[in-house]
Structure formats: structure tokens, C-alpha cells
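This is what each chain is made of:
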Amino acid sequence: MIIFKAWATIKEDKIHWLAFDEAVTEAQKTERMILIDVYTEWCGWCKHMGNKTYQDDHLASYVNSHFLPVKLNAETRKKILFKGEPIPTKEFVRQQGVKVYPSIIIMDDKGSIRLLEGYHNEKELMSALKALEESR
């Protein structure tokens with residue numbers, strides 16, 4: 001019973017997160033924008049976005065169908081391929097101007113970057129994402 005109860009409290013992500021390299025490859029094929037959720041392990045608002053904002057059915061459906069979503073830990077030295085060059089995630093995040101956690105980097109198939117800083121609830125994030133997509 002205890003094992004079942006612990007298992008039942010684990011939420012499955014509603015957003016289908018991709019690896020960074022996978023999203024970049026897919027963006028070149030589909031011309032969809034990449035949504036990069038930049039977080040840290042210690043950030044309470046990052047966890048709240050993961051547990052609340054991204055769990056909203058309407059938002060998750062929209063993100064999954066209009067974007068290529070990626071999660072990046074801002075403090076890891078794991079390398080990703082950006083513009084054909086391996087770069088530590090920590091350095092990539094710094095180069096994109098991220099100074100606040102959580103932040104969302106929106107990158108189009110040509111590498112153009114937009115930054116959404118701070119915590120956003122479901123409605124705020126949906127509105128911002130729709131506006132970004134319409135401005136393309």
C-alpha cells in the first residue's frame with residue numbers, strides 16, 4: 001500500500017520534453033520554434049512552473065503541437081551542440097543573457113532568440129507564446 005501511494009503521487013509530464021540536439025534537428029525539418037525551459041535544481045519557482053504551469057492540459061497541448069520543448073539545467077557543464085559547436089549548457093545559457101530563473105528561451109529554426117524571464121502562470125505563458133508565434 002505504501003509503495004502504491006508513493007507511486008500514485010508521481011506526476012507524468014504533460015509536455016513531451018526533447019533533448020536539445022533532437023529539437024534543433026527537428027526545428028530544421030519542421031520550422032517549429034524551440035521552447036527551452038531554463039531551470040536550476042534549487043529554484044522554487046522553476047519547480048512550481050514544472051508542477052503547475054506546465055501541467056495545465058491546454059498549455060501542454062499547445063506547447064506540444066506548436067513548439068519543440070527542451071529542459072536545460074542552467075548549472076550543468078554537459079555539452080550541447082549549438083550552431084555546430086559543442087558548448088557547455090552553463091555557457092550557452094549565459095550567452096543567451098539568462099540571469100533569472102526560471103527563464104524560457106524561444107529559438108526559431110534560424111537561431112534567432114527571444115527570452116521570457118521569470119515565473120509565468122498558465123494564462124500568462126499561453127498569452128506570451130501565442131504573441132511570439134504570431135509575430136514570426
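Further up the page is the structure itself.
Student: Could you clarify how one ought to interpret the sheet that holds strand β6 (residues 113–117) in this entry?
Tutor: Strands pair in a sheet through their backbones, by hydrogen bonds, and they do so in one of two ways: parallel or antiparallel. Strand order across the open sheet formed by four strands is β2-β1-β5-β6, with mixed pairing between neighbours. Edge positions in the sheet fall to β2 (67–73) and β6, since each has one partner strand and no second. Adjacent strand axes in the sheet meet at a mean angle of 20° when their direction is disregarded. Sheet analysis places strand β1 (residues 33–39) next to strand β5 (residues 103–107), joined by five bridges and oriented antiparallel. The partner of I36 across the bridge, within β5, is I105. Across the sheet, helix α4 (residues 57–66) lies against β1 and β2, angled at about 105° from β2, the strand it touches most. Lying on the sheet, helix α6 (residues 122–134) is in contact with β1, β2, β5 and β6; it crosses β6 at an angle near 165°.

Student: What is the right way to look at the pairing of β5 in this model?
Tutor: Looking along a regular strand, one sees side chains alternate from face to face of the sheet. Among the five residues that make up β5, five are buried, leaving the element largely enclosed by the rest of the structure. The alternating pattern of β5 places S103, I105 and M107 on one face and I104 and I106 on the opposite face, and all of these are buried. Alignment of β5 against β6, held across five bridges, turns out to be antiparallel. Bridged to M107 within β6 is I113.

Student: Sorry if this is basic, but what is going on with helix α3 (residues 44–51) here?
Tutor: Three- or four-residue spacings in an α-helix give side chains the same orientation, since the helix completes a turn every 3.6 residues. Within α3 the residues assigned to the buried category are C46, M49 and G50. Down the axis of α3, the sector holding all buried residues measures 100°, keeping them to one side. Contacts from the buried residues of α3 go to β1, β5 and α6.

Student: What should I look at first to understand the state of the cysteines in this one?
Tutor: Every disulfide links exactly two cysteines, by a covalent bond between their sulfur atoms. Taken as a whole and assessed by the stated rule, the structure comprises one disulfide. The disulfide partner of C43 is C46, and the gap between their sulfur atoms is 2.4 Å. Every disulfide takes its handedness from the sign of the S-S torsion; for C43 and C46 that torsion is 85°, giving right-handed. For the residue pair C43 and C46, the accessibility class agrees, reading buried in each case.

What counts, and where the lines are drawn
- Residues numbered from 1 in each chain as written.
- Predicted model: local features only at pLDDT ≥ 70, side-chain atom pairs only at ≥ 80, totals over all residues.
- Heavy atoms only, no water.
- Pairing = 2+ DSSP bridges.
- Helix = DSSP H or I, 4+ residues; strand = E, 2+ residues; numbered from the N terminus.
- Axes fitted to C-alpha atoms, helices over the stretch in contact; angles between N-to-C directions.
- Contact = heavy atoms within 4.5 Å.
- Buried < 20%, exposed > 50% of the residue type's maximum accessible area, 1.4 Å probe, protein only.
- Arc of directions from axis to C-beta.
- Disulfide = S-S within 2.5 Å.

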